[in-house]
Amino acid sequence: MPVISFANAKGGAGKTTAALLLATELAHQGFRVTVIDGDPQRWISQWAEVSGKVRNIEVISEVTVASLACHLREMAGVTDYFIIDLAGARDALVTTAIGLSDHVMIPVQGSAMDAKGAAQILDLLATMKERANLHIAHSVVLTRVTSMVTTKALLTIKGLLAARGVNVLDTPIGERIAFKELFETGGTLHTLDPQKVSNVDKAKDNAGAFAREVLRLMPTKITRSPISRIFGMGRHAA
Ligand SMILES: Nc1ncnc2c1ncn2[C@@H]1O[C@H](COP(=O)(O)OP(=O)(O)O)[C@@H](O)[C@H]1O
Ligand SMILES: [Mg+2]
């Protein structure tokens, strides 16, 4: 059960949004997802409170450096994918979570390209590799990309990062009202009312493509839990 964490030392980079999109898409595909909310601001926990039970998703709040590994151990048997949302910091919890991750996703805003917070995480990963011989796979995911950001500009960013040996996902996450709306209404893109929120279909396509690309990066292929596959329901479905 792979552990995917979202890290960027800067707040507002789009970590929580990307983490929630991945969690809800994987859950929609029938995977059992445990989201660990490692951000003291508790956005994912608040989303879970607004949402009520969401099929295939379990959210764990109040995580500490000491408890993180215990949560991963305890939930391992009932989880296909762990997703860890982290604070916009480079503190002990961020370092611990990265150390326990199979893949670190580093969201970077495509428009502003303020990559300082991302660079801090890339430096941390490099230090872990050098000092502890710990090689943790990681990728940059461009977020909040608008039509104003040209394909050429995105390719330039990708090229710059590739020159440093950093993988950049082919699927950027767009700037979309529907993504923001999830935190207001709770639930997933698949339960949003298309009458009330614009372009839900495009949002679903984008989030789905993002989740599929993340899955392709995972070293082991997880078979969806038979119960969710056959009955379309998870452990907590009524
Ligand atoms: N793809 C997106 N489309 C629209 N709004 C977004 C998107 N990603 C982030 N935001 C908004 O930007 C702000 C910061 O995003 P958030 O995901 O909370 O970043 P972080 O977790 O890195 O602090 C929030 O108000 C969020 O709604
Ligand atoms: Mg956040």
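- If you check an unreviewed UniProt entry, the protein chain appears there as AAA family ATPase from Neorhizobium turbinariae.

## Considering the site of ligand 1
Next up, step 1: Taken together, 18 residues are adjacent to ligand 1, and Ala13, Gly14, Lys15, Thr16 and Thr17 come closest.
Next up, step 2: Of all the elements in the fold, those that place two or more residues in the shell around ligand 1 are helix H1 (15-28) and helix H7 (177-185).
Next up, step 3: Looking at which element gives the most residues to the shell around ligand 1, the answer is H1, with three residues.
Next up, step 4: Residue classes in the shell around ligand 1 are distributed as four nonpolar, nine polar and five charged.

## Here we look at unusual backbone geometry
Across the chain, the bulk of peptide bonds are trans and the bulk of non-glycine residues have phi less than zero.
Next up, step 1: Of note in this structure, Glu62 is not a glycine but carries a positive phi near 55°.
Next up, step 2: Assignment of secondary structure puts Glu62 in the loop between strand S3 (57-60) and helix H3 (65-75).

## So, the pairing of strand S5 (residues 103-109)
Next up, step 1: Among the seven residues of S5, six are classified as buried, and the element is accordingly described as predominantly covered.
Next up, step 2: Pairing of S5 with strand S6 (residues 137-143) involves seven bridges; the strand directions are parallel. Considered in S6, the bridge of Val108 is made with Leu142.

## Structural notes on the sheet that holds strand S7 (residues 167-168)
Next up, step 1: Ordered in space as S3-S2-S4-S1-S5-S6-S7, the seven strands form an open sheet in which the pairing is parallel. Among the strands making up the open sheet, the edge pair consists of S3 and S7.
Next up, step 2: Against the sheet, H1 contacts strand S1 (3-6), strand S2 (33-38), S3, strand S4 (81-86), S5 and S6, and its axis sits at roughly 165° relative to S4.

## Remarks on helix H2 (residues 43-51)
Next up, step 1: Looking only at H2, the buried set comprises Ile44, Trp47 and Ala48. One side of H2 carries all its buried residues, which in axial view fall inside an arc of 100°.
Next up, step 2: On its buried side, H2 packs onto H1, S2, S3, S4 and H7.
Next up, step 3: Directly beyond the C-terminal end of H2, a positive phi value near 75° is found at Gly52.

## Quick word on the confidence of the model for the protein chain
Next up, step 1: Scored by pLDDT, the protein chain comes out at a mean of 90, with 91% of its residues at no less than 70.
Next up, step 2: Low confidence marks residues 229-238, where pLDDT is under 50. Its contacts with residues over four positions away, or in another chain, come to 14 contacts.

## Considering the packing of H1 against H2
Next up, step 1: Between H1 and H2, the least distance of the axes is 10 Å, while the angle of their chain directions is 45°. With respect to their mutual orientation, H1 and H2 come out oblique. Here the hand of the crossing between H1 and H2 comes out right-handed. From H1, Thr16, Ala19 and Leu20 reach across to H2, where they touch Trp43, Ile44 and Trp47.

## A word on the environment of Asn206
Next up, step 1: With respect to the helices and strands, the residue Asn206 is situated in helix H8 (residues 200-217).
Next up, step 2: Distance from Asn206 to Leu134, taken between C-alpha atoms, is 32 Å for residues 72 residues apart in sequence.
Next up, step 3: Residue contacts for Asn206: discarding those within four places in its chain leaves Ile173, Gly174 and Arg176.

## Topic: the nonpolar core
Next up, step 1: Grouped together as the largest cluster of nonpolar side chains are 65 residues, with contacts concentrated most on Ala19, Leu22, Ala23, Val33, Val35, Ile83 and Ile121.
Next up, step 2: Top element by residues in this core is H1. It accounts for eight residues.
Next up, step 3: Ignoring anything within four residues of it in the chain, the contact list for Ala19 reads Phe6, Val35, Ile44, Ile83 and Asp85.

## Brief notes about helix H6 (residues 151-163)
Next up, step 1: With 13 residues, H6 extends 18 Å from end C-alpha to end C-alpha; this agrees with the ideal 18 Å at 1.5 Å per step.
Next up, step 2: In the segment just after H6, Gly165 is the residue with positive phi, at about 80°.

## Here's the deal with the pairing of S4
Next up, step 1: When you tally the buried positions in S4, you get six out of six residues, the bulk of the element.
Next up, step 2: Of the pairings in the sheet, the one linking S1 to S4 comprises four bridges and is parallel in character. When the sheet's bridge partners are listed, Ser5 is paired in S4 with Ile84.
Next up, step 3: In this structure, S2 lies alongside S4, joined through six bridges in parallel fashion. Along S4, the bridge assignment pairs Thr34 with Phe82.

## Observations regarding the environment of Thr95
Next up, step 1: Looking at where Thr95 falls in the secondary structure, it is placed in helix H4 (residues 92-99).
Next up, step 2: When the 18 C-beta atoms within 10 Å are taken as the criterion, Thr95 is described as partly exposed.
Next up, step 3: Separated by 90 residues in the primary sequence, Thr95 and Thr185 place their C-alpha atoms 32 Å from one another.

Thresholds applied
- Residues numbered from 1 in each chain as written.
- Chains lettered and ligands numbered in written order.
- Predicted model: local features only at pLDDT ≥ 70, side-chain atom pairs only at ≥ 80, totals over all residues.
- Near = placed C-beta within 6 Å.
- Helix = DSSP H or I, 4+ residues; strand = E, 2+ residues; numbered from the N terminus.
- Nonpolar A, V, L, I, M, F, W, Y, C, P; charged D, E, K, R; others polar.
- Buried ≥ 20, exposed ≤ 12 C-beta atoms within 10 Å, placed from the backbone.
- Pairing = 2+ DSSP bridges.
- Contact = placed C-beta atoms within 7 Å.
- Axes fitted to C-alpha atoms, helices over the stretch in contact; angles between N-to-C directions.
- Arc of directions from axis to C-beta.
- pLDDT = per-residue confidence, 0-100.
- Parallel < 35°, antiparallel > 145°, perpendicular 65-115°, else oblique.
- Left-handed = near helix turned anticlockwise from the far one by under 90°.
- Core = buried A, V, L, I, M, F, W, Y, C linked by C-beta atoms within 7 Å.
- Expected span 1.5 Å × (residues − 1).

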